Amino acid sequence: MVVSVDRKAVLGFRIRAQQLDRDSGTVGDTAVLDFGVQDTGGDGALWALACRGVDPARIGERELVLLWTLRGAPHRYRRADLPAVAAAVSPYSDEDAAKRIFDAAKPLKAAGIGALAALDAVAEAMRAVVTRPMVKGEVSTEVTKRLPAPYRRTCRPCNTIHLYEQTFRLGATRAGLELDPDTSPPVLRPIRSWRPAAAVPPRFDLVRAYLRFLGPATPTLVAEFLDSPVKVITKRWPEDAVPVDVDGERRWVLAEDVDALAAGPAKVTRLLAPFDLFLQARDRSLLVPSADQAKSVWVVLGRPGAVLYQGELVGIWRPRQSGRRLRLVVDLWTTPTTAVRRAVTEQAERLAAYRGVTLAGVDIET
């Protein structure tokens, strides 16, 4: 018999799986670090961890590592997990690698160079160049000199020739390079004494992780998240994934998580960062059924944070900081009751404390 659930149960499942419902935790017991926590924008990975009960002030200086991984975006992981992470984020095949490197695949293919071989060549060049902390532009200039035409493109904004962006980013992790946090432009440095694991432990497997944190899902949703071909993901579909019915649509979840779906909604309020994992699910219409409201969340440039209230996304927020004072502008899609105002203000106070500033106020608009 196929279990049937509604969207509220799915949202509750994801909130609990991602530990957005807890008030305290450590780097070691924070599950989403198995999958990677995207570190984009001012309130990035550390705020995402704070929303899951981790005190950023108690994180050791070298406890986390920052890498370009999923979709070429910067993600934080436990440094102790580096071998497993490196193996997990590596493309599954030439076909998969070609999809992940986007427009770089065409000239490489025309030159008879496979996508995996190209990433290995970029990684080899990067290892030779980056023997000390180096700014991205400096690395790009030196690596570009070492690689032939199929690896390079003319960049009009930069008015120069350099590597395709995704081969550069994915090649960096393959080369064993980490990013210095909070550097702009990014600074890369060699990772000391490490190598990818020979096999990927199940909890780091990306397909399983998507189902674990963003399920129930389909191969298409996972493929879109990873920038992989659907048929590649279908071949890697977990044998212990079982079908469930989500508001009439067939999806899958790991067998061990079926019971957790029955727990229902999760009454949690959080100010989610723009690239929080909860917002990274590719079934955006399930997260925000209104198309107009969804457009305000997932904008191309200047993406806002999202207000999670009592287990539902109910609006967006933007910070306005001047010196040591922070003001939050909140656009709610629901009536700003006293309870909503109180809950949002409490979370705004948490954000101000995280930033080390004073909350000047919360402007709630509708």
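See the structure above.
Enquirer: Sorry, what's going on with the overall build of the protein here?
Expert: Summing up its helical and strand segments, the protein has 15 helices and 16 strands in all. Computed over the C-alpha atoms, the radius of gyration of the protein is 21 Å, within 12% of the 21 Å expected from 2.2 N^0.38 for a compact globule of 366 residues. Dimensions of the protein, computed from C-alpha atoms along their principal axes, come out at roughly 65 × 60 × 40 Å. By the burial criterion, 53% of the 366 residues in the protein qualify as buried. Considering only contacts in the protein between residues 6 or more positions apart, those separated by 24 or more positions represent 65%.

Enquirer: How should I be thinking about the layout of surface pockets in this particular structure?
Expert: In this approach, a probe sized like a water molecule rolls over the atoms, and the result shows the empty space that is left. The space that makes up the largest pocket amounts to roughly 460 Å³. If you go around the largest pocket, you meet 23 residues; those closest to its centre are D39, T40, G41, L66 and P74. Mapped onto the lining of the largest pocket, the elements with two or more residues apiece are α2 (45-50), β3 (64-68), β4 (74-78) and α8 (165-174). Considering only residue class, the lining of the largest pocket consists of ten nonpolar, seven polar and six charged.

Enquirer: Help me understand helix α1 (residues 7-17), please; the structure alone is not making it clear to me.
Expert: Each full turn of the α-helix corresponds to 3.6 residues, which orients residues three or four apart in the same direction. Counting buried residues in α1 gives eight out of eleven residues, a clear majority hidden from the surface. The complete set of buried residues in α1 reads R7, A9, V10, L11, G12, F13, R14 and I15. Of the residues trailing α1, Q19 is marked for its positive phi of about 65°.

Enquirer: How should the sheet that holds strand β12 (residues 270-272) be read in this particular structure?
Expert: Sheet strands pair via backbone hydrogen bonds, and the direction of the pair is either parallel or antiparallel. Within the open sheet, the five strands sit side by side as β12-β13-β14-β15-β16. Their pairing is mixed. Strand pairing shows two members of the sheet lacking a second neighbour, β12 and β16 (358-365), which therefore form its edges. Averaged over all neighbouring strand pairs, the angle between strand axes comes to 30°, with direction disregarded. Bridging between strand β15 (residues 325-332) and β16 involves seven bridges; their strand directions are parallel. Across the sheet, R325 pairs through a bridge with T358, a residue of β16. Sheet strands touched by helix α15 (residues 338-355): β12, β13 (305-309), β14 (312-322), β15 and β16. Its angle to β16, the strand with the most contacts, is close to 145°.

Enquirer: Would you mind showing me how to read the packing of aromatic side chains here?
Expert: Centre-to-centre distance and the angle between the planes together describe a pair of aromatic rings. Following the criterion strictly, the structure yields six aromatic pairs and no others. Between W237 and W252, the ring centres sit 6.3 Å apart and the planes meet at 90°, which makes this aromatic pair edge-to-face. Placement of W237 in the loop between α11 (230-235) and β10 (241-246) and of W252 in strand β11 (residues 249-254) is noted, with a sequence separation of 15 residues between them. Relative accessible area serves as the criterion here: at 25%, W252 is assigned to the partly exposed category. Each member of the aromatic cluster is reached from another via a ring pair, and the members are F35, Y210, F213 and F225. Looking at R71, its charged tip hangs above the ring of F225, at a distance of 4.4 Å from the centre. The ring of Y92 has R236 sitting right over it, with the charged end atom 3.9 Å from the ring centre.

What counts and what doesn't
Residues numbered from 1 in each chain as written. Predicted model: local features only at pLDDT ≥ 70, side-chain atom pairs only at ≥ 80, totals over all residues. Heavy atoms only, no water. Helix = DSSP H or I, 4+ residues; strand = E, 2+ residues; numbered from the N terminus. Rg over C-alpha atoms; globule rule 2.2 N^0.38 Å. Buried < 20%, exposed > 50% of the residue type's maximum accessible area, 1.4 Å probe, protein only. Contact = heavy atoms within 4.5 Å. 1 Å grid on protein atoms, 1.4 Å probe; cavity = no way out; pocket = protein on both sides within 12 Å on 5 of 7 lines; lining within 4 Å. Points joined across faces, edges and corners; volume = space filled by probe spheres on them. Nonpolar A, V, L, I, M, F, W, Y, C, P; charged D, E, K, R; others polar. Pairing = 2+ DSSP bridges. Axes fitted to C-alpha atoms, helices over the stretch in contact; angles between N-to-C directions. Phe/Tyr/Trp six-rings, centres within 6.5 Å; stacked < 30°, edge-to-face > 60°. Lys NZ or Arg CZ within 6 Å of the ring centre and 35° of its normal.

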